[in-house]
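Structure at a glance
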Amino acid sequence: MPSHSVTVAMNSTLHILGITGPIYLAIALGYVFTRQGVFSKADMQVFGKFTLNLALPALLFNALSQRRLGEILNGSYLLVYALGSLAVVAAGVTWSRLRLGKTLDETSYVAMGMACSNSGFVGYPMGLLVLGPVAGVALALNMLVENLLVIPVLLMLADAGVGAASGKRHWARTVAQTLAQQLRNPLLVAIVSGFVFSLMGWQLPGPVARTVNLFSQASGALALFVIGGTLVGLEVKGMRTQVAQIAFGKLILHPLAVLAALWLVPIDDPQLRTAVILSAAMPMMGIYPILAQRHGHEGNAAAALLVTTVASFFTLSGLLWVLKHPMI
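These numbers come from a predicted model, not from an experiment.

Cut-offs and rules
- Residues numbered from 1 in each chain as written.
- Predicted model: local features only at pLDDT ≥ 70, side-chain atom pairs only at ≥ 80, totals over all residues.
- Heavy atoms only, no water.
- Helix = DSSP H or I, 4+ residues; strand = E, 2+ residues; numbered from the N terminus.
- Buried < 20%, exposed > 50% of the residue type's maximum accessible area, 1.4 Å probe, protein only.
- Contact = heavy atoms within 4.5 Å.
- Areas by Shrake-Rupley, 256 points an atom, 1.4 Å probe, with all protein chains shown as cover.
- Axes fitted to C-alpha atoms, helices over the stretch in contact; angles between N-to-C directions.
- Parallel < 35°, antiparallel > 145°, perpendicular 65-115°, else oblique.
- Left-handed = near helix turned anticlockwise from the far one by under 90°.
- Nonpolar A, V, L, I, M, F, W, Y, C, P; charged D, E, K, R; others polar.
- Expected span 1.5 Å × (residues − 1).
- pLDDT = per-residue confidence, 0-100.
- Bend = angle between axes of the 7 residues up to and from the residue.
- Patch = residues over 30% accessible without salt bridge, like charges linked within 9 Å, V, L, I, M, F, W, Y side chains within 5 Å.
- Salt bridge = Lys/Arg side-chain N within 4 Å of Asp/Glu carboxyl O.
- Phe/Tyr/Trp six-rings, centres within 6.5 Å; stacked < 30°, edge-to-face > 60°.
- Core = buried A, V, L, I, M, F, W, Y, C linked by side-chain atoms within 4.5 Å.

Focus: the overall build of the chain
On a plain count of helices and strands, the chain comes out with 15 helices and zero strands. Here the chain, with 328 residues, has 49% of them falling under the buried criterion. Put simply, 84% of the contacts in the chain that link residues at least 6 apart link residues at least 24 apart. For the chain, the accessible surface area stands at approximately 15500 Å², while carbon and sulfur atoms represent 67% of it.

Quick word on the packing of helix α4 (residues 75-99) against helix α13 (residues 270-280)
Running from amino to carboxyl end, α4 crosses α13 at an angle of 25°, the nearest separation of the two axes being 11 Å. Judged by the inter-axis angle, α4 sits roughly parallel to α13. Crossing of α4 against α13: the hand is right-handed. Here α4 contributes Y77, V80 and Y81 to the contact with α13, which in turn contributes L272, A275, V276, S279 and A280. The residue inventory of the contact of α4 with α13, partitioned by class, reads seven nonpolar, one polar and no charged.

Regarding helix α11 (residues 219-230)
Here α11 contains twelve residues, and its C-alpha end-to-end distance of 16 Å stays within 8% of the 16 Å for a straight helix at 1.5 Å per residue. Of all the positions in α11, only S219, G220, A223, L224, F225, V226, I227, G228 and G229 are classed as buried.

Overview of the confidence of the model for the chain
Confidence along the chain averages 84 in pLDDT terms, with 88% of residues attaining 70 or more. Within the chain, α13 carries the highest mean pLDDT (95), whereas helix α8 (residues 171-183) carries the lowest (66).

Structural notes on the packing of helix α12 (residues 240-264) against α13
It is at 7 Å that the axes of α12 and α13 come closest, and there the two elements cross at 150°. Relative to α13, the element α12 lies roughly antiparallel. On α13, the residues that touch K250, H254, P255, V258, L259 and L262 of α12 are R273, V276, I277 and A280. Here the contact of α12 with α13 is built from residues that sort into seven nonpolar, one polar and two charged.

Observations concerning helix α2 (residues 41-65)
The terminal C-alpha atoms of α2, which comprises 25 residues, lie 35 Å apart, in line with the 36 Å expected from a rise of 1.5 Å per residue. Of all the bends found along α2, the most pronounced is centred on T51 and spans about 40°.

Considering the environment of L231
Summarising the element assignment, L231 is placed in the loop between α11 and α12. Put simply, L231 and T34 are 197 residues apart on the chain and 9.2 Å apart in space, counted from C-alpha to C-alpha.

Digging into a nonpolar patch on the surface
Together, F248, I252, L253, L256, L259 and W263 line one region of the surface with nonpolar side chains, adding up to about 600 Å² of accessible area. Here L259 shows up in helix α12.

Some thoughts on the packing of aromatic side chains
Under the counting rule described, the total for this entry stands at ten aromatic pairs. Relative to F47, the ring of F39 lies with its centre 5.5 Å away and its plane at 70°, an arrangement referred to as edge-to-face. Given a relative accessible area of 25%, F39 falls into the partly exposed group. What links up through ring pairs into an aromatic cluster is the set F33, F39, F47 and F225.

Focus on the side chain of T107
Its place among the elements puts T107 in helix α5 (residues 104-115). On the basis of relative accessible area, T107 is assigned to the buried category, the value being 0%. Beyond its immediate chain neighbours, meaning those up to four positions away, T107 contacts G92, V93, S96, R97 and K102.

Re the environment of A82
Mapped onto the secondary structure, A82 falls in helix α4. Separated by 33 residues in the primary sequence, A82 and A115 place their C-alpha atoms 9.9 Å from one another. Setting aside residues no more than four positions away along its own chain, A82 makes contact with V145 and L149.

A closer look at the nonpolar core
Core analysis: the biggest nonpolar cluster contains 86 residues, and Y77, M112, M126, I191, V276 and Y288 have the highest contact counts within it. By residue number, the principal contributor to this core is helix α7 (residues 134-166), which donates 15 residues. The contacts of I191, once residues within four sequence positions are left out, are L60, L64, A140, M143 and L144.

As for the environment of L319
As for its position among the elements, L319 is in helix α15 (residues 298-324). Of the residues examined, L319 reaches a relative accessible area of 18% and is grouped as buried. Sequence separation between L319 and L278 is 41 residues, and the spatial gap between their C-alpha atoms is 8.0 Å. Setting aside chain neighbours within four positions, we find L319 in contact with I277, L278 and A281.

Right, dumping it as structure tokens:
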């Protein structure tokens, strides 16, 4: 008969696979159904738009509007996630620019792949399985940092690199355009609306609330299915070194940087402490290749997305084991 310690380890492993398994099975289904032609790559774009513009905003609004403002606005969480993400941005830019001699715009997308997590499509479904309703709060806080700080900074850096190469510098216009695009983001609109409803103590009328709830429930499985579908046809040929560096930065350096930030800025809520580490350990956001297309770097970005998403099954399973192991 196996010893007690072996039994505990086996049960712990099965528990972890019970969490990560459904996430990656849903991604695998998206890949298989798209690869077999049941759905097309164009269908994935439509599903992705539905998720980004309706399902996830509805989820964010529900998560925020139904909680007291004090439960949502966690300055320590925001600071930890921002510090960890910016530290990885700095490391990515320094390594790619100074060590590898990449152009500034290419460097920006290397750093973006390392520092911008897939908080909505992968992070929320996994957080929901691990932490329950607090995953919605973590998602909103992550979105604030990513959409108002990290992504705008990197897009402006990429534009600055292209502008410098062509002899044109339009910093003011670039900043204004980037911020305007982000402020029109449905996810941010949902976050702000949720904060307002929470602050004022408002409630949606019954039929409207149930409609919003229906859309929010569609977000989890569909988001994962879309990730799988978008991986069809992506290749890694000729890009292995840079792709491996981006994947290492995203799956290893980012969570380590956030963990270091936690030592500097403690988070009192144990669930939010777990959430911020898990968030940093997610693969990069699904729209990463779309953003990189703006400056012609979508090939590297798509290859990095493929490798990092596949590798994250093992790294996230290992991280969850460490977080839940009785000896920790």
